[in-house]
Amino acid sequence: MSLFKFFHTTKTYDEDIQREKDCIARIKQAVSNKCGIDNFIDYDDYTVAFAGSKDNMELMLEICTQKYDGKKYLYASVDDEVSWQEWDFNNLDEFENNIIEHIANRVNRTIKTVIKKVKHESYQETVYYLDRETNEWVLIEDDQTDDKLVCFIAANKTETTETIKTYKLDN
């Protein structure tokens, strides 16, 4: 390997690391502004949790760089359940705002997730938060599909499940 390639690779790697750190910082700042919180669980430069404890982190955001179609893009994951690829968005702001919205909708709230599966036909995930003043569930997300491949994998049986979870930082 030539010296030029060696130093160019290192520079690119350093740029990737800085880009990941900057992304995490912007997301933390925006969530802080939206939710009025300023405490987080910083695991490392690329991982932060917005709920739970050091031993059981929740709403845990991880950012990394991935290569796609010959270019480098950011990839984000929350609790290894929801993920975003920068290449799916028009720009970095749109990518980050989608993540911010997902996290801010859950911080310091009780969330109910209802998943309805009809074997190989449909899959629907509906998410609500509990309004503390009215004690009523308010819809925040409703995703559904009848895509054959998705349903073959995700809707392998007919069932409805409901989970209720409160996201807050433990003291």
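Above this note sits the structure.
Position labels on residues start from 1 in each chain and follow its written sequence. Residues qualify for local features only when their pLDDT is at least 70, as the model is predicted, and side-chain atom pairs are given and counted only at 80 or more; totals for whole chains, interfaces and linings, by contrast, use all residues. Values reported for side chains reflect all heavy atoms of the structure, with hydrogen atoms and water molecules removed beforehand.

Engineer: So what exactly am I meant to see when it comes to the pattern of salt bridges here?
Structural biologist: Pairing between side chains of opposite charge can happen when the charged atoms of each approach one another. What makes a salt bridge here is a side-chain nitrogen of Lys or Arg within 4 Å of a carboxyl oxygen of Asp or Glu, nothing more. Following the criterion strictly, the structure yields 9 salt bridges and no others. One salt bridge in this structure joins Asp 42 and Lys 28, with 2.7 Å as the shortest N-O distance. Of this pair, Asp 42 sits in strand β1 (residues 41-44) while Lys 28 sits in helix α1 (residues 3-35); the two residues are 14 residues apart in sequence, bridging distant segments of the chain. The closest approach of N and O atoms between Lys 117 and Glu 159, which form a salt bridge, is 3.5 Å. Highlighted residues: Lys 117 in strand β6 (residues 109-118) and Glu 159 in strand β9 (residues 159-167), separated in sequence by 42 residues. The helix and strand labels rest on DSSP assignments: H or I over at least four residues marks a helix, E over at least two residues marks a strand, and numbering proceeds from the N terminus.

Engineer: Could you clarify how one ought to interpret the side chain of Thr 47 in this entry?
Structural biologist: Secondary-structure assignment places Thr 47 in strand β2 (residues 47-52). Whether a residue is buried, partly exposed or exposed follows from its accessible area with a 1.4 Å probe, protein chains only, as a fraction of its type maximum: under 20%, in between, or over 50%, in that order. Overall, the relative accessible area of 6% leaves Thr 47 in the buried class. In what follows, a contact means two residues having at least one pair of non-hydrogen atoms within 4.5 Å. Other than its neighbours up to four places away in sequence, Thr 47 contacts Ile 24, Ile 41, Asp 42, Met 60, Leu 61 and Glu 62.

Engineer: Mind showing me how you'd approach the sheet that holds β6 here?
Structural biologist: Within a sheet, neighbouring strands are paired by backbone hydrogen bonds and run either parallel or antiparallel to one another. Paired strands are those between which DSSP finds at least two bridges. Pairing in this open sheet of 4 strands is antiparallel, and the strands run β8-β7-β6-β9 from one edge to the other. Edge positions in the sheet fall to β8 (136-145) and β9, since each of these pairs with one other strand and no more. Pairs of neighbouring strands in the sheet enclose a mean axial angle of 15°, with direction left out of account. Note that β6 and β9 share 9 bridges and pair antiparallel. Every angle, taken between N-to-C directions, lies between 0 and 180 degrees, and every axis is a line fitted to C-alpha atoms, over only the stretch in contact when it is a helix.

Engineer: Would you mind showing me how to read helix α2 (residues 92-104) here?
Structural biologist: Because an α-helix packs 3.6 residues into every turn, residues spaced three or four apart end up facing the same way. By definition here, a helix of n residues has an expected span of 1.5 Å times n minus one. Over its 13 residues, α2 extends 18 Å from the first C-alpha to the last, a length consistent with the 18 Å expected when each residue adds 1.5 Å. For α2, every residue scored as buried is listed here: Phe 95, Glu 96, Ile 99, Ile 100, His 102, Ile 103 and Ala 104. Whenever two N or O atoms come within 3.5 Å, that pair is a polar contact, provided that in protein one can donate a hydrogen and the other can accept it, and provided that, for residues adjacent in sequence, both atoms are side-chain atoms. Residue Asn 91 occupies the N-cap position of α2, its side-chain oxygen lying 3.2 Å from the main-chain nitrogen of Asp 93.

Engineer: Quick question: what am I supposed to make of the pairing of strand β4 (residues 71-78) here?
Structural biologist: Regular strands place their side chains on alternate faces of the sheet. Pairing geometry for strand β3 (residues 57-68) and β4, over 8 bridges, is antiparallel. Paired with Cys 64 across the bridge in β4 is Tyr 75. In this antiparallel pair of consecutive strands, β3 and β4, the connection spans 2 residues, and Asp 69 shows a positive phi of 55°.

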